[in-house]
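Structure assessment
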Amino acid sequence: MCASSQSPQLQVAIRLPDWIHEIADWQGVYHSDEEKMALAITLADENVKRQTGGPFGSAIFDMDSGKLLGVGVNQVVAQNNSTLHGEVTAIMLSQKRIENFTLGAQGARRELFTSCEPCAMCMGATLWSGVKRLVCAATGEDARAIGFDEGPVFEQSYAYLKKAGLDVVRELMREQGRQVLQDYRLNGGEIYNG
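Residues numbered from 1 in each chain as written. Predicted model: local features only at pLDDT ≥ 70, side-chain atom pairs only at ≥ 80, totals over all residues. Heavy atoms only, no water.

All right, on to the packing of helix α2 (residues 33–49) against helix α7 (residues 174–186) then. Two elements in contact, α2 and α7, have axes whose closest approach is 10 Å; the angle formed by their N-to-C orientations is 10°. Relative to α7, the element α2 lies roughly parallel. Within the contact between the two elements, α2 uses I41, A44, D45 and V48 and α7 uses Q176, G177, V180, D183 and Y184. For the contact of α2 with α7, the residue count by class is 5 nonpolar, 2 polar and 2 charged. (Axes fitted to C-alpha atoms, helices over the stretch in contact; angles between N-to-C directions. Helix = DSSP H or I, 4+ residues; strand = E, 2+ residues; numbered from the N terminus. Parallel < 35°, antiparallel > 145°, perpendicular 65-115°, else oblique. Contact = heavy atoms within 4.5 Å. Nonpolar A, V, L, I, M, F, W, Y, C, P; charged D, E, K, R; others polar.)

As structure tokens, this is what we get:
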């Protein structure tokens, strides 16, 4: 039966790989930016090594407690959904966990750590998510260098986030983030929007 003759899909389920529970410490406290970024990069790296998705990982933390709220890894090819980037899955699953459409609910301060600077879609999702801080490892240039098209993201995009009240930190542990991207390309990872 061809896809056009089937009834339309009215529900989408998002499920991250089970191995994430081996990596994420849901009870612990992440103290430093480096610890938090190491988790985001490890998620991206494991996603590549285990061949469960693309080379992007993200983690959302409560800024006051250091507790991990949610994680995301790229699932575009694995789940046939162009919107399932690491940042978007982390945001969606975190909002589901707190049962609120904004991660800033009741004055909470949450931060998003991501193994690579956001693409255009994820930049918008970050703005709308309610996080108060964005911390990135590899750059959009690093992603483009292996063939990904990150869309219209400019220095003005980061200035817009800052004007909206977000603290933005870029290139924290850039080399480690870039290495995940390079490993993905060297191992024949699919560049699905290049």
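On to the sheet that holds strand β4 (residues 133–138), then. Strand pairing in a sheet relies on backbone hydrogen bonds, with the paired strands running either antiparallel or parallel. In space, the 5 strands of this open sheet follow the order β2-β1-β3-β4-β5, with mixed pairing throughout. Across the chains shown, the open sheet's two edge strands, defined by having one partner strand only, are β2 (68–73) and β5 (167–169). Neighbouring strand axes in the sheet, compared pairwise and without regard to direction, differ in orientation by 15° on average. Its contacts with the sheet place helix α3 (residues 86–98) against β1 (57–62), β2 and β3 (110–116), and it is angled at close to 145° to β2. (Pairing = 2+ DSSP bridges.)

Another aspect to go through is the packing of aromatic side chains. For the structure shown, the criterion picks out 5 aromatic pairs. Members of the aromatic cluster, each reached through a chain of ring pairs, are F56, F148, Y184 and Y192. Here K36 stacks its cationic end above the ring of F61, 5.6 Å away from the centre of that ring. When the ring centre of Y158 is taken as reference, the NZ or CZ atom of R170 above it lies at 3.7 Å. (Phe/Tyr/Trp six-rings, centres within 6.5 Å; stacked < 30°, edge-to-face > 60°. Lys NZ or Arg CZ within 6 Å of the ring centre and 35° of its normal.)

This brings us to the environment of A59. Within the fold, A59 resides in strand β1. Sequence separation between A59 and G177 is 118 residues, and the spatial gap between their C-alpha atoms is 14 Å. Apart from residues lying up to four places away in sequence, A59 is in contact with L39, A40, L68, G70, V71, E111, L112 and F113.

Quick look at unusual backbone geometry now. Positive phi outside glycine occurs at Q51, with the angle close to 55°. Tracing the sequence through the fold places Q51 in the loop between α2 and β1. Residue classification places Q51 among the exposed positions, given a relative accessible area of 73%. Phi angles above zero are rare outside glycine, and N80 is one such case at about 50°. Inspection of the secondary structure assignment puts N80 in the loop between β2 and α3. (Buried < 20%, exposed > 50% of the residue type's maximum accessible area, 1.4 Å probe, protein only.)

Limitation: the analysis is restricted to geometry and does not speak to function.
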